[in-house]
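The primary structure of each chain is shown beneath.
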Amino acid sequence: MSENLSSTTADGGQASTDGGRATAARTDGGPASTGAKSPTPRNRGVGMLIITAYGIFAVSSFARALYQILTDFEASPVAYALSGFAAAVYIVATLALARIGARAWLIALIAVLVELTGVLGVGLWTYLQPELFNEATVWSHFGEGYAFVPLVLPFIGLFWLLRHRPGRSAARGTQA
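Residues numbered from 1 in each chain as written. Predicted model: local features only at pLDDT ≥ 70, side-chain atom pairs only at ≥ 80, totals over all residues. Heavy atoms only, no water.

Visitor: I'd like a rundown of the packing of helix 1 (residues 46–72) against helix 4 (residues 149–163), residues and numbers included.
Guide: With their axes 11 Å apart at the nearest point, helix 1 and helix 4 run at an angle of 145° to one another. Crossing of helix 1 over helix 4 shows left-handed handedness. From helix 1, Val46, Gly47, Ile50, Ala53, Tyr54 and Phe57 reach across to helix 4, where they touch Val149, Pro150, Leu153, Pro154, Ile156, Gly157 and Trp160. Across the contact of helix 1 with helix 4, the residue classes tally to 11 nonpolar, two polar and no charged. (Axes fitted to C-alpha atoms, helices over the stretch in contact; angles between N-to-C directions. Helix = DSSP H or I, 4+ residues; strand = E, 2+ residues; numbered from the N terminus. Left-handed = near helix turned anticlockwise from the far one by under 90°. Contact = heavy atoms within 4.5 Å. Nonpolar A, V, L, I, M, F, W, Y, C, P; charged D, E, K, R; others polar.)

Visitor: Describe the environment of Ala63, naming the residues involved and giving the relevant values.
Guide: Relative to the elements of secondary structure, Ala63 occurs in helix 1. The exposure class of Ala63 is partly exposed, given its relative accessible area of 43%. (Buried < 20%, exposed > 50% of the residue type's maximum accessible area, 1.4 Å probe, protein only.)

Visitor: Quick one: what's the story with a nonpolar patch on the surface, residue by residue and with numbers?
Guide: Together, Phe62, Leu66, Leu70, Ile91 and Leu95 give the surface a local cluster of nonpolar side chains, amounting to about 480 Å² of exposed area. At the level of elements, helix 1 and helix 2 (77–98) are the ones that each hand at least two residues to the nonpolar patch. With three residues, the top contributor of residues to the nonpolar patch is helix 1. Secondary-structure assignment places Phe62 in helix 1. (Patch = residues over 30% accessible without salt bridge, like charges linked within 9 Å, V, L, I, M, F, W, Y side chains within 5 Å. Areas by Shrake-Rupley, 256 points an atom, 1.4 Å probe, with all protein chains shown as cover. Salt bridge = Lys/Arg side-chain N within 4 Å of Asp/Glu carboxyl O.)

Visitor: An account of the environment of Val92 is requested, with residue identities and associated values reported.
Guide: Along the polypeptide, Val92 turns up in helix 2. Relative accessible area serves as the criterion here: at 39%, Val92 is assigned to the partly exposed category. Setting aside residues no more than four positions away along its own chain, Val92 makes contact with Ile107 and Ala111.

Visitor: Explain the nonpolar core to me, using residue names and the numbers behind them.
Guide: In this structure, Tyr54, Tyr90, Leu97, Trp139 and Leu161 are the most contacted members of the largest nonpolar core, which totals 29 residues. Sorting the residues of this core by element identifies helix 1, helix 2, helix 3 (102–128) and helix 4 as the ones contributing at least two each. Once you skip the residues sitting within four places of it in the chain, Tyr90 turns out to touch Tyr54, Phe57, Ala58, Ser61, Glu115, Val138, Trp139, Pro150 and Leu153. (Core = buried A, V, L, I, M, F, W, Y, C linked by side-chain atoms within 4.5 Å.)

Here you go:
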């Protein structure tokens, strides 16, 4: 006499044990799990550290920009406006990196590319026209005031995103 036990799996499907045999069926219409280890989602493991770094920059740059804009915008409007823009980019990147899915991946990719362009462009601009930057931004002098983390972070973000492209894990699973 075989005993049939079932439980819900992490993907929302049902797993059952029938006389020593394990089976799995998904209830969302997706393919059944074959027991092969799936790749780590983009927002887990090392990805969580990257998201945390972006989150720290999102909060700190937003707080800094908000304070600067509300208290002393006339002192350095270009720098403070760019600080606000940088904060918005970090917020969008953080939220998109934390989500999974093709649309979130694309938004994260665009945000990280804008960030890279911003840190390189503003970094160079602060050397070429320092008179416009009475006060520093997150991206001034390539992120010098933040130990150059703003310069390194988009490269790490791009590397991580390109390693976790949507559909890439499905392609890897079919090659195994």
